[in-house]
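Below are the chains, spelled out letter by letter.
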Amino acid sequence: MDVLELNQLINRYVWGPEMMIVFLAVGLYLTLRSGLVQFRRFGVILRETVGAIRERALGFGGEITPFQATMIALGATMGQGNLIGVTAAIMAGGPGAIFWMWIAGLVGMATKFAEATLAVHFRQRYADGSVSGGPMFYLSKGLGLPWLGGLFAVFAAIAAFGIGNLTQSSAMAASFQDGFGVPPALTGLFVAVVVAFILAGGVARIARFAQVWVPFMVIAFLVASVLELFFHLGGIGQALTSIFTSAFNVQAAAGGAGGYAISQALKAGVGRGIFSNEAGLGSAAIAHAQAQVDHPVRQGFWGVVEVFLDTIVINTLMALIILSTGAWTEAASASQAFVLAWDEVPGDTAIASTILSLFVFTTIVSWGFYGEEAASFLLGDGIRWPYRITYVVLAFVGGLGGFEAFTQISDTLNGLMAIPNLIGLIVLGGVVARLTQGFFSGEPWVPPEGTGRGA
């Protein structure tokens, strides 16, 4: 058995139906431990986040605002998986896959809430005011298992090169070539130069970029989506009906070739929800840990909003476009279906290419920060610049293609990140419950020992 065969074997388990059930179970567990926070407290969550971006911008610890931290995290989660990935889920599991994607998103809100809350609670604060946090720290400090935190960091640092960089850069280069005739090498060079400039400024510059780029990206997608759906109003009702009916019935495959059972729809939908919003993988917690906030739960609220925007809003709109246009039944691949779905919008190919490029670019930047933080946890701050340089070089060569083997391995490593993270979330569920109860009862937050300034 060679390396790629071994990787395929492992990948079938880390992204298989058994792990999908584990993700859902952990999300349900955290939903209960947090007191159904994403449902019972959704009004409070909106007031404390979207309704208080200006009023509650600062707290202590970290160098960026809670909104900026969330935009970094959202920039990482909103990539080609929201566009081509949602299309692929429908083509693999039928319209019913979207129903199970919603379920994954609803329980994933509690998972992301817990990740963001724990990331702030156990983050390491330094004498210069900077912080580091994420699963590496709540596994090593909260669980007292530094080796488990190190294992997560190894997976994250390497996976960032592939799933967060090469895959995205390649998709952007192909999109620009198809939409505008731009040579892949030129796209790769542009991406490398811009990413190098942003990453060189550290988390503060990444945050300034994300707080402008990500909202612009979301608004641009919303406008384009509403315009496209306007031309297919008659198909929206049928699309919604097909989502619910096929979630519990055998659904004919695209073109009528064969049938898909409920388990296939569940696997495709849950897998897409997890891969898209990253709830359970732990990566977004690295960004949330950077927030200037006076209580971990406040940042946990932003975690709920992050999943809501990614899965319930963006993914749903993309699904409605694919289903209402019928593109999923007319194309041979998810990429073709994605482009075909925008057929009513003037300059449809250019629109599809632009939207895809906006999404993947933010992913490259945010994952560069994730990988750097993970590498720093393992090897110290001295690794930051070598890691950045390597990352930028890969952003260039990724546009040229030819790294399929490495991207397959990085996809597996991305899934493996979930194993230590989910262990941490289960064991630390009581901490999440205590912090949540304390927040709503007005108790002040006291950071745990060993995480203070200069520690």
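### Observations regarding the overall build of the protein
For the protein, the helix and strand inventory stands at 22 helices and four strands. The long-range fraction of contacts in the protein, counting pairs at least 24 apart against all pairs at least 6 apart in sequence, stands at 84%.

### Some thoughts on the nonpolar core
Counting residues in hydrophobic clusters, the biggest one holds 141 residues, and the most contacted among them are Val195, Phe221, Met318, Trp342, Phe359, Tyr370 and Tyr391. With residues up to four places along the chain from it excluded, the contact list for Tyr370 reads Ile72, Ala73, Ala76, Glu278, Ser283, Ala284, Ile286 and Ala287.

### A few points about the confidence of the model for the protein
Any region with low pLDDT has predicted coordinates that should not be read closely. Predicted confidence across the protein gives a mean pLDDT of 86, with 90% of residues reaching 70 or more. pLDDT under 50 marks residues 250-261. Its contacts with residues more than four places away, or in other chains, come to 25 contacts.

### Some thoughts on the layout of surface pockets
Roughly 330 Å³ of volume is contained in the second largest pocket. Forming the boundary of the second largest pocket are 20 residues, of which Val131, Ser132, Glu373, Asp381 and Arg384 lie nearest the centre. Residue assignment for the lining of the second largest pocket shows that the elements contributing at least two residues are β2 (131-132), α11 (202-230), α18 (348-379) and α19 (384-398).

### Observations regarding the environment of Ala116
When you line up the elements, Ala116 lands in helix α7 (residues 96-121). Ala116 sits in the buried class, given a relative accessible area of 0%. Along the backbone, Ala116 and Pro135 are 19 residues apart, and their C-alpha atoms lie at a distance of 9.6 Å. If near-sequence neighbours (up to four positions away) are discounted, Ala116 is found in contact with His288, Gln299 and Gly300.

### Describing the pattern of salt bridges
In the structure shown here, the tally under the stated rule is seven salt bridges. A salt bridge links Glu306 to Lys112; its shortest N-O distance comes to 2.7 Å. Of the two residues, Glu306 sits in helix α15 (residues 296-325) while Lys112 sits in helix α7, which places them 194 residues apart along the sequence. Its relative accessible area of 1% is what places Glu306 among the buried residues.

### Description of a nonpolar patch on the surface
On the surface, a nonpolar cluster with roughly 450 Å² of combined accessible area is contributed by Leu28, Leu32, Leu36, Phe39 and Leu106. Its location among the elements puts Phe39 in helix α3 (residues 37-40).

### Looking at the side chain of Thr316
By the secondary structure assignment, Thr316 is in helix α15. A relative accessible area of 12% means that Thr316 is categorised as buried. Leaving out residues up to four positions away in the same chain, Thr316 has contacts with Met101, Trp102 and Thr311.

### Let's talk about the environment of Val214
As for its position among the elements, Val214 is in helix α11. C-alpha of Val214 to C-alpha of Ala73: the two residues are 141 residues apart in sequence and 9.9 Å apart in space.

### Quick notes on helix α21 (residues 418-427)
Burial in α21 covers these residues: Ala418, Pro420, Asn421, Leu422, Gly424 and Leu425. Looking at the buried residues of α21, the elements they touch are α2 (17-33), α7, α8 (135-142), α9 (146-180), α20 (404-416) and α22 (429-440).

### A few points about the packing of aromatic side chains
Overall, the coordinates contain 20 aromatic pairs when judged by the stated rule. Consider the rings of Phe42 and Phe308, whose centres lie 5.4 Å apart with planes at 55°: the pair is tilted. With Phe42 in helix α4 (residues 42-48) and Phe308 in helix α15, this residue pair connects regions lying 266 residues apart in the sequence. Seen from the ring of Phe197, Arg205 lies directly overhead, with NZ or CZ sitting 4.3 Å from the centre.

### Things to note about the packing of α15 against α22
Direction vectors running N to C along α15 and α22 enclose 105°, while the axes themselves pass 9 Å from each other. Between α15 and α22, the angle is such that the two are roughly perpendicular. Contacts between α15 and α22 pair Pro296, Val297, Arg298 and Phe301 from the former with Leu435, Thr436, Phe439 and Phe440 from the latter. When the residues that make up the contact of α15 with α22 are grouped by side-chain class, the tally is six nonpolar, one polar and one charged.

### What about the packing of α11 against α15?
Following both chains from N to C, one finds α11 and α15 inclined at 25°, their axes separated by 10 Å at the closest point. One finds that α11 runs roughly parallel with respect to α15. Here α11 and α15 pass one another in a crossing that is left-handed. The residues of α15 that touch α11, namely those facing Val218, Phe221, Leu222, Ser225, Glu228 and Leu229, are Val313, Ile314, Leu317, Met318, Leu320, Ile321, Ser324 and Thr325. Partitioned by chemical class, the residues of the contact of α11 with α15 number 10 nonpolar, three polar and one charged.

### What about the side chain of Ser132?
The residue Ser132 is located in strand β2 in this model. On the basis of relative accessibility, which here comes to 7%, the residue Ser132 falls in the buried class. Separated by 3.2 Å, the side chains of Ser132 and Glu373 make a polar contact. Beyond its immediate chain neighbours, meaning those up to four positions away, Ser132 contacts Arg123, Gln124, Tyr126, Phe137, Gln290, Glu373 and Arg384.

### Some details on empty space enclosed by the protein
This structure, assessed with the given rule, holds three cavities of 30 Å³ or more. Within this model, the second largest cavity holds a volume of roughly 70 Å³. Phe23, Ala104, Gly108, Thr111 and Ala279 are, among the 13 residues lining the second largest cavity, the residues nearest its centre. Sorting the residues of the lining of the second largest cavity by element identifies α2, α7 and α13 (262-277) as the ones contributing at least two each. For the lining of the second largest cavity, a count of residues per class yields eight nonpolar, five polar and no charged.

Parameters and conventions
Residues numbered from 1 in each chain as written. Predicted model: local features only at pLDDT ≥ 70, side-chain atom pairs only at ≥ 80, totals over all residues. Heavy atoms only, no water. Helix = DSSP H or I, 4+ residues; strand = E, 2+ residues; numbered from the N terminus. Contact = heavy atoms within 4.5 Å. Core = buried A, V, L, I, M, F, W, Y, C linked by side-chain atoms within 4.5 Å. Buried < 20%, exposed > 50% of the residue type's maximum accessible area, 1.4 Å probe, protein only. pLDDT = per-residue confidence, 0-100. 1 Å grid on protein atoms, 1.4 Å probe; cavity = no way out; pocket = protein on both sides within 12 Å on 5 of 7 lines; lining within 4 Å. Points joined across faces, edges and corners; volume = space filled by probe spheres on them. Salt bridge = Lys/Arg side-chain N within 4 Å of Asp/Glu carboxyl O. Patch = residues over 30% accessible without salt bridge, like charges linked within 9 Å, V, L, I, M, F, W, Y side chains within 5 Å. Areas by Shrake-Rupley, 256 points an atom, 1.4 Å probe, with all protein chains shown as cover. Phe/Tyr/Trp six-rings, centres within 6.5 Å; stacked < 30°, edge-to-face > 60°. Lys NZ or Arg CZ within 6 Å of the ring centre and 35° of its normal. Axes fitted to C-alpha atoms, helices over the stretch in contact; angles between N-to-C directions. Parallel < 35°, antiparallel > 145°, perpendicular 65-115°, else oblique. Nonpolar A, V, L, I, M, F, W, Y, C, P; charged D, E, K, R; others polar. Left-handed = near helix turned anticlockwise from the far one by under 90°. Polar contact = N/O pair within 3.5 Å; in protein donor to acceptor, adjacent residues only side chain to side chain.

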